[in-house]
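Given next are the chains, with one letter for each unit.
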Amino acid sequence: MDKKLLNLIDGISKEWASEQFQRERRELQKLLEQSPPAMNLRAILKFYGANYADLATGFYQVCDSIEQLAQGRVKVYPYGSLATGLSLKDSDIDLYLEQVDHYMPHCKLFNKTFSSLDQSDCFSRVIRISSARVPIIRCRHVESGINVDINMSTSNGTHNSRFVNKIVNLDVRLREQFLFLKMWAKNLRIIRHGGMTSYCLITLIIYQLQTVGFLPAIRKLQNEYLMHNVGGINYAFDLSRVKTLPISLSSFQLICTFFQLYSQYDFKNKLLSPFLATALNLDTDWNSNFAEYNSQLKALQSYHGLEYEQLPIDCCLCVQDPFDLTRNVAQSVNETSLIYFQHCLKLSAEACENSKWKSSQKLYEYLMFGIAEQLIQMTLVVEPETQIETTLSLEHLLTPTKNDLKKLKTLIQTDNGHSKLIYNYWSEFYVAAIKDILLNIYKLHIVVIDSESDSITWFINGSLDTWTSRHIQRISKQSFFADQQRETLELIKTRSMDAKYAVNLNGLFSISITADCKELRLQLQPWIDDDSGRPDVQLHRLLTNLFRNLRNMLSNYDIWQSVKHLQYQR
């Protein structure tokens, strides 16, 4: 088994071992035992599904709060799981804010909306994520406790969501299939940050339904139907052309068909196109005869007034959006995540076909929880050459920038009676900054092992992950460190009770300083405290993520803040 796949499963297995995951398993097992076999699927959907009455109430509360703060500048529209009807009990709310006040520049309105939410008592944990494909504002509505993602850039999600909603409402069996597969993928962490998105899974289900003839190609649903053009994309469809599902077909059969299709599917060099209801061979000149794709690309270029990006196909999985033909909804899926997805599909397909699963209760329990156990067992039986390497040493070299030196000259010119060289100041400030980040930003404990003029070694340990998915961008007018300390407080609030962020991190952090103080070499190694002499994969992953985030943090560190602080102290 591939080392990256071993790392992935090892990381996910920590979440599976959590008390929350195991408690859910016990509760669902009890629920399935109490329900008739014919009602097992609906018992699962009810267990994991959202309470739509509460969600609707929360949605209207959120809308009222936003519209009052925006003072008539925007209209609020839902998209994502709330709009599709596929919300789970842990789902957030996705909102598109349509600009009504066209006199105000969009960028200014985005910033004003962020500031209004940040200063309002109705919302907490307000952060701006500008690095996302679609920039969003993420926050929590205080009264309802609902997490909210706000998009002000594109309405495409509202149109896609409307299409999915219409499909799942064609037949209750379709809705049950979509919901179960979403729950299955979330439980197995196929859908996760850095993995597959919910919308990618939904698109794969749509394509599967097309392959068995239950849904026509989007091209056929648009044929001779009035266009609904939004920014160069036609979102029109006519579902009256969809045939009724066979009466004898069950929701479970639809689910099994999904597993069977994709467990045997060769995704290599294929573009799955729901628009055409077929897979295109990417080794050929696939777009030369794809008239609608070329036409849409020209329309997008005309609408946006610049050369529009073509469909990204240099990916291990290519799944075309049903309407936006230039978008690959599987772009976030890397090779390791795809292999993991295929393992889950294969085990699920085998279980559905295996005659030993005579009880639907046992089968559903296996699909939701047993596959996780089997994947863990697979990682324990691997060839010697695929075992995780025993050593890990993370290194990073810091050198002063021209900007650092320029700002430090100001300090030296006003440094009455001090003869320290500029590089001495630089190294001192950065060592202090690193310690500040580890102690006050990541909230790690530090014990000094060694401290010399040219080297420092600390033992670091922590029990809460405050670095994964941390936002490095500035989100206020405060100093960078003040921003990060504020986010730390929010992360502690949200993650302290979440088992997946509970960690056991132990490491040795060393800083080597050259004689001229012009270089700092940072090194992080695992602390081995057992007889095996080998840290586990989980510790490797934790230290790697921590070190990567620290490097990003230091690249945003402004030495001028330390200079001003030192001058103020004097």
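Use the structure listed above.
Let me begin by describing the structure that accompanies this report. (Residues numbered from 1 in each chain as written. Predicted model: local features only at pLDDT ≥ 70, side-chain atom pairs only at ≥ 80, totals over all residues. Heavy atoms only, no water.)

## Examining the sheet that holds strand S2 (residues 93-99)
The test is simple: Pairing between strands requires that DSSP locate at least two bridges from one strand to the other. Per the convention used, a helix needs a DSSP run of H or I reaching at least four residues, while a strand needs a run of E reaching at least two, with both numbered from the N terminus. Fitted lines through C-alpha atoms serve as axes, helices being fitted only where they are in contact, and the angles separating the N-to-C directions of these axes extend from 0 to 180 degrees. Contacts are assigned to residue pairs with any non-hydrogen atoms lying within 4.5 Å of each other.
Spatially, five strands are ordered S1-S2-S5-S4-S3 in an open sheet, and the strand pairing comes out mixed. Both edges of this open sheet fall to strand S1 (74-79) and strand S3 (123-129), since each of them pairs with a single strand only. Taking each pair of neighbouring strands and ignoring which way they run, the sheet shows an average axis angle of 25°. Where strand S4 (residues 136-141) meets strand S5 (residues 147-151), five bridges bridge the pair, whose relative direction is antiparallel. Its bridge partner lying in S5, Ile137 is registered against Ile150. Across the sheet, helix H6 (residues 106-119) touches S1, S2, S3, S4 and S5, and the angle it forms with S3 is around 150°.

## Here we look at the side chain of Ser155
Keep this limit in mind: Burial status follows relative accessibility: with a 1.4 Å probe on protein chains alone, a residue under 20% of its type maximum counts as buried, one over 50% as exposed, and anything between as partly exposed. Any N or O atom pair separated by 3.5 Å or less is treated as a polar contact, with the protein-specific requirement of one donor-capable and one acceptor-capable atom, and with residues adjacent in sequence counted only for side-chain atom pairs.
The topology assignment puts Ser155 in the loop between S5 and helix H7 (156-168). A residue is classified by how much of its surface remains accessible, and Ser155, at 15% relative accessible area, is buried. A distance of 3.4 Å separates the side chain of Ser155 from the side chain of His159, its partner in a polar contact. When residues no more than four places from it in sequence are discounted, the contact partners of Ser155 are Tyr96 and Val230.

## Re the environment of Cys344
In this fold, Cys344 is placed in helix H13 (residues 335-353). Classification of Cys344 as buried rests on a relative accessible area of 0%. Distance in space between the C-alpha atoms of Cys344 and Leu188 is 7.9 Å, their sequence separation being 156 residues. Setting aside residues up to four positions removed in sequence, Cys344 forms contacts with Trp184, Leu188, Ile190, Ile371 and Leu375.

## Here's the deal with the pairing of S2
Counting buried residues in S2 gives six out of seven residues, a clear majority hidden from the surface. Bridging between S1 and S2 involves six bridges; their strand directions are antiparallel. Bridging from a neighbouring strand, Tyr77 pairs with Tyr96 of S2. Bridging between S2 and S5 involves four bridges; their strand directions are parallel. Bridge pairing links Tyr96 to Asn151 in S5.

## Some remarks on the pattern of salt bridges
Condition: Whenever a carboxyl oxygen of Asp or Glu lies within 4 Å of a side-chain nitrogen of Lys or Arg, that contact is scored as a salt bridge.
A full pass over the atoms with the stated rule returns 15 salt bridges. Between Glu176 and Arg42 there is a salt bridge whose closest N-O contact spans 2.7 Å. With Glu176 in helix H8 (residues 172-187) and Arg42 in helix H3 (residues 40-48), this residue pair connects regions lying 134 residues apart in the sequence. The exposure class of Glu176 is buried, given its relative accessible area of 8%. Residue classification places Arg42 among the partly exposed residues on the basis of a relative accessible area of 43%.

## Brief notes about the packing of helix H11 (residues 251-263) against H13
Note the following rule: Oblique is the label for every angle not falling under 35 degrees (roughly parallel), over 145 degrees (roughly antiparallel), or within 65 to 115 degrees (roughly perpendicular). Should the near helix be turned counterclockwise from the far one by less than a right angle, the crossing is left-handed, whereas a clockwise turn marks it as right-handed. Under the scheme applied here, ten amino acids are nonpolar (Ala, Val, Leu, Ile, Met, Phe, Trp, Tyr, Cys and Pro), four are charged (Asp, Glu, Lys and Arg), and all others, including Gly, are polar.
For the pair H11 and H13, the least separation of the axes is 8 Å and the interaxial angle reads 130°. Relative to H13, the element H11 is oriented oblique. Considering the relative orientation of H11 and H13, their crossing is left-handed. In contact with Phe252, Cys256, Phe258, Phe259, Gln260, Tyr262 and Ser263 of H11, H13 contributes Phe341, Leu345, Lys346, Ser348, Ala349, Cys352 and Glu353. For the contact of H11 with H13, the per-class residue count stands at nine nonpolar, three polar and two charged.

## Quick notes on the nonpolar core
Rules: Each nonpolar core is a collection of buried residues, namely Ala, Val, Leu, Ile, Met, Phe, Trp, Tyr and Cys, held together in the definition by side-chain atoms within 4.5 Å.
Of all hydrophobic cores here, the largest spans 98 residues; its most connected members are Phe180, Trp184, Phe258, Phe259, Tyr340 and Leu367. Sequence-distant contacts of Trp184, defined by excluding residues within four places in its chain, comprise Ile190, Phe258, Phe259, Phe341, Cys344, Leu345, Ser348, Leu367, Met368 and Ile371. In this structure, Leu438, Ile456, Ile513 and Leu524 belong to the second largest nonpolar core, which totals 41 residues.

## Things to note about unusual backbone geometry
Residue Asn269 is not a glycine yet carries a positive backbone phi of 55°. Tracing the sequence through the fold places Asn269 in the loop between H11 and strand S8 (270-273). On the accessibility criterion, Asn269 (32% relative accessible area) is partly exposed. Phi is positive for Lys443, close to 60°, though the residue is something other than glycine.

## Thoughts on helix H16 (residues 422-441)
In plain terms, the rule: Helices are assigned an expected span. That span is 1.5 Å times one less than the residue count.
A rise of 1.5 Å per residue sets the reference length of H16, with its 20 residues, at 28 Å; its end C-alpha atoms lie 27 Å apart and thus fit the reference within 8%. Within H16 the residues assigned to the buried category are Ile422, Tyr425, Trp426, Ser427, Phe429, Tyr430, Val431, Ala433, Ile434, Ile437, Leu438 and Ile441. Looking one or two residues past H16, Lys443 carries a phi angle of roughly 60°, positive in sign.

## Quick notes on the sheet that holds S8
Taken in spatial order, the three strands of this open sheet run S9-S8-S10, and their pairing is mixed. In this open sheet, the two edge strands, each paired with only one partner strand, are strand S9 (278-281) and strand S10 (318-319). Pairing of S8 with S10, which is carried by two bridges, proceeds in the parallel orientation. Each residue of the ladder has a partner; that of Leu272, found in S10, is Val319.

## Some details on the packing of aromatic side chains
Short version of the rule: Here a pair means two rings of Phe, Tyr or Trp (six-membered ring of Trp) with centres within 6.5 Å. Their orientation is stacked below 30 degrees between planes, edge-to-face above 60, and tilted elsewhere. Working rule: Lys NZ or Arg CZ, within 6 Å of ring centre, within 35 degrees of ring normal, means a charge sits over the ring.
For the coordinates displayed, the defined rule picks out 22 aromatic pairs. Look at Trp458 and Phe509: their rings are 6.0 Å apart centre to centre, the planes differ by 20°, and that puts the pair in the stacked class. Here the residue Trp458 occupies a position in strand S13 (residues 455-464), and Phe509 occupies one in strand S14 (residues 502-513), the gap between them amounting to 51 residues. In this structure Trp458 comes out as buried when scored by relative accessible area, which is 4%. Residue Phe509 is classed as buried on the basis of its relative accessible area of 1%. The lysine or arginine in question, Lys89, covers the ring of Phe47, its NZ or CZ lying 4.1 Å from the ring centre.

## Some thoughts on the pairing of S3
In terms of burial, S3 is a largely internal element, five of the seven residues being buried. Bridge count between S3 and S4: five bridges; the pairing is antiparallel. Considered in S4, the bridge of Ile127 is made with Arg138.

## With respect to empty space enclosed by the protein
Using the following cut-off: Think of a 1 Å grid over just the protein atoms. A cavity is a set of points where a 1.4 Å probe fits yet cannot get out, a pocket is an open set with protein on both sides within 12 Å along at least five of seven lines, and lining residues have an atom within 4 Å of a point. Grid points are joined across faces, edges and corners, and a volume is the space filled by probe spheres set on the points.
Within the structure shown, the criterion is met by three cavities of 30 Å³ or more. Roughly 70 Å³ of internal volume is contained in the largest cavity. Ile66, Leu69, Ala70, Arg73, Leu109, Lys112, Thr113, Ser116 and Leu117 are the residues that line the largest cavity. Those elements that provide at least two residues to the lining of the largest cavity are helix H4 (52-70) and H6. Of all the elements, H6 adds the most residues to the lining of the largest cavity, at five residues. In the lining of the largest cavity, the residues fall into five nonpolar, two polar and two charged.

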